[in-house]
Amino acid sequence: MNEAPHIGNLIKEELARQQRSIAWLARQMGCSRQNLCRQLGQGYLGTDQLLRISLLLHRDFFQCFSEHISNQF
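Here the structure is a predicted model, which is why all the values come from computation and not from measurement. Throughout, a residue's number is its position along its own chain's written sequence, starting from 1. Selection of residues for local features in this predicted model requires a pLDDT of at least 70, selection of side-chain atom pairs for listing and counting requires 80 or more, and totals for whole chains, interfaces and linings are taken over all residues. Hydrogens and waters are ignored; side-chain quantities use all the structure's heavy atoms.

Trainee: Looking at this model, I keep getting lost on the packing of helix α2 (residues 22–29) against helix α4 (residues 47–57). Mind explaining?
Mentor: Think of two packed helices as two axes; the pair is described by the angle between the axes and how far apart they sit. For the pair α2 and α4, the least separation of the axes is 11 Å and the interaxial angle reads 115°. Classified by chirality, the crossing of α4 by α2 is right-handed. Residues Trp24, Leu25, Gln28 and Met29 of α2 pack against Gln49, Arg52, Ile53, Leu56 and Leu57 of α4. Three residue categories are used. Nonpolar comprises Ala, Val, Leu, Ile, Met, Phe, Trp, Tyr, Cys and Pro, charged comprises Asp, Glu, Lys and Arg, and polar comprises the others, including Gly. Of the residues belonging to the contact of α2 with α4, the class tally is six nonpolar, two polar and one charged. For helices, the axis comes from a line fit to the C-alpha atoms of the stretch in contact; other axes are also lines fit to C-alpha atoms, and the angle between any two N-to-C directions lies between 0 and 180 degrees. For helices the rule is a DSSP run of H or I covering at least 4 residues; for strands it is a run of E covering at least 2, with both sets numbered from the N terminus onward. Left-handed describes a crossing in which the near helix is turned anticlockwise from the far one by less than a right angle; the clockwise case is right-handed. In what follows, a contact means two residues having at least one pair of non-hydrogen atoms within 4.5 Å.

Trainee: For this particular structure, what's the right way to read the pattern of salt bridges?
Mentor: Oppositely charged side chains may form a pair once their charged atoms are brought near each other. We count a salt bridge whenever a side-chain nitrogen from Lys or Arg sits within 4 Å of a carboxyl oxygen from Asp or Glu. Counted by the stated rule, this structure contains two salt bridges. A salt bridge links arginine 17 to glutamate 14; the shortest N-O distance between them is 2.7 Å. Note that arginine 17 and glutamate 14 are positioned in helix α1 (residues 7–17) at a spacing of three residues, about one turn of the helix. Only protein chains enter the accessibility calculation, which uses a 1.4 Å probe. A residue is then buried if its area is under 20% of the maximum for its type, exposed if over 50%, and partly exposed in between. Overall, the relative accessible area of 60% leaves arginine 17 in the exposed class. With a closest N to O distance of 3.3 Å, arginine 59 and glutamate 14 form a salt bridge. Placement of the pair is arginine 59 in the loop between α4 and α5 (62–70) and glutamate 14 in helix α1, with a sequence separation of 45 residues. For arginine 59, a relative accessible area of 28% corresponds to the partly exposed category. Residue classification places glutamate 14 among the buried residues on the basis of a relative accessible area of 5%. Here the salt bridges share partners, and the residues they tie into one network are Glu14, Arg17 and Arg59.

No statement about biological role is implied by the geometric values presented.
Printed below as a string of structure tokens:
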């Protein structure tokens, strides 16, 4: 079984693509840049956080996991 995508890296890539910073995202999320960096580095976010980030960046990050699951069958 392949490992799930590292969601933190995917979010960082999308931020770079949109020319936005982690500090910008942290402000939008109402948390500190340091806290967000730590969470992104761990590669784990709660579904509520992932939903908010998906909406802020206009990208469905849940789809990354759906595709991963589909590829396992």
